[in-house]
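One-letter residues, chain by chain:
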Amino acid sequence: MHKFSDTGVPTHEEIARYWCGRALPGSDYIPFDDLGEPECFACGWCRVEQVRSKKALAMLWKGLERAHVVPRALGGPDAVENVILLCQRCHRDAPDTADAARFWRWVVEHPRNGTIAYLAEIAGPHDSRARDYTGPQAKDLHALASLSADEFQVLRAIYENAPDALLNRLHEAERRIGGVSMHWGVGISTGTMAELLREVVRHELAMQGKGSEEV
């Protein structure tokens, strides 16, 4: 891991704004799509402290480190397209080579345990952990809590079959409904996330119905 001074390196906010909703080079993988929910681009890690203010949420970005794709020592620039946000562990483990493609492949193939993993942790939409949680990514859990038990089970089935598939389904849902808006420090609202989740469920049930008709 290459150590560097802050001079010339994009801020956490500049990096987040640049990469928000952007697929990583050489892939269709979008690791980060909510400016209000700070997380490691590789593993999805975020701090677990209870967050009850915008100021506290903003500080969470400081728990992530600015990581060069191609290290400065190997000629990598401080340009925002060459810097992403990683947790300390991922920054330590990331490959340091002059070949950017190797770095991007490592990020894309890294096991993720971010927000969507809560589907495997909570019992259902009425689980108190979904309703009452106030920490980072709380909006996503509150969105899950607004679903019906049947909708929740459809999402869980998608996740259990292929965890990364649900993230892709959310991006597809966003495109189908014409996109969503977000603001720094707020990100995607609970209501917006709930509608995206419901669109994933609606599309999945429609595809299942189409498949049964073809049998």
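Only a predicted model underlies this, so the values are computations on that prediction, with no experimental measurement involved. (Residues numbered from 1 in each chain as written. Predicted model: local features only at pLDDT ≥ 70, side-chain atom pairs only at ≥ 80, totals over all residues. Heavy atoms only, no water.)

K.L.:
Which parts of the structure should I look at to understand the packing of aromatic side chains?
P.N.:
Each aromatic ring pair is characterised by the separation of its centres together with the angle its planes make. Counting across every chain of the model gives four aromatic pairs. Both rings, one in tyrosine 18 and one in tryptophan 19, keep their centres 5.0 Å apart while their planes meet at 90 degrees; by these two values the pair is edge-to-face. Classification of tyrosine 18 by relative accessible area gives partly exposed; the value is 25%. On the accessibility criterion, tryptophan 19 (3% relative accessible area) is buried. Judged by centre distance (5.6 Å) and plane angle (85 degrees), the ring pair of phenylalanine 103 and tryptophan 104 falls under edge-to-face. Residue classification places tryptophan 104 among the buried positions, given a relative accessible area of 6%. Three or more aromatic residues joined by ring pairs make a cluster, and in this case those are Tyr18, Trp19, Phe103, Trp104 and Trp106. One cation-aromatic arrangement involves arginine 22 over tyrosine 18; the distance from NZ or CZ to the ring centre is 3.9 Å. (Phe/Tyr/Trp six-rings, centres within 6.5 Å; stacked < 30°, edge-to-face > 60°. Buried < 20%, exposed > 50% of the residue type's maximum accessible area, 1.4 Å probe, protein only. Lys NZ or Arg CZ within 6 Å of the ring centre and 35° of its normal.)

K.L.:
Whenever I open this one, the pairing of strand E2 (residues 83-86) confuses me. Can you help?
P.N.:
The two faces of the sheet receive side chains in turn, since in a regular strand these alternate between them. The alternating pattern of E2 places Val83 and Leu85 and Ile84 and Leu86 on opposite faces, both of which are buried. Note that strand E1 (residues 65-68) and E2 share four bridges and pair antiparallel. The residue of E2 that forms the bridge with alanine 67 is isoleucine 84. (Helix = DSSP H or I, 4+ residues; strand = E, 2+ residues; numbered from the N terminus. Pairing = 2+ DSSP bridges.)

K.L.:
Looking at this model, I keep getting lost on the nonpolar core. Mind explaining?
P.N.:
One recurring pattern in soluble globular proteins: nonpolar side chains tend to sit buried together. The biggest cluster of nonpolar side chains holds 27 residues, and the ones touching the most others in it are Cys40, Ile84, Leu86 and Phe103. Of all elements in the fold, only helix H1 (12-19), E2 and helix H4 (100-109) reach the threshold of two or more residues within this core. For this core, the element with the highest residue contribution is E2, accounting for four residues. By size, the runner-up hydrophobic cluster in this structure holds 25 residues, among which are Leu119, Ile122, Tyr133 and Ala194. (Core = buried A, V, L, I, M, F, W, Y, C linked by side-chain atoms within 4.5 Å.)

K.L.:
Got a minute to help me understand the environment of glycine 76 in this structure?
P.N.:
By secondary structure assignment, the location of glycine 76 is in the loop between E1 and E2. When the C-alpha positions of glycine 76 and alanine 98 are compared, they lie 7.7 Å apart, and in sequence the two are 22 residues distant. Setting aside residues no more than four positions away along its own chain, glycine 76 makes contact with Val70, Pro71 and Asn82. (Contact = heavy atoms within 4.5 Å.)

K.L.:
Whenever I open this one, the environment of glycine 26 confuses me. Can you help?
P.N.:
Here glycine 26 shows up in the loop between H1 and helix H2 (54-60). The exposure class of glycine 26 is exposed, given its relative accessible area of 89%.

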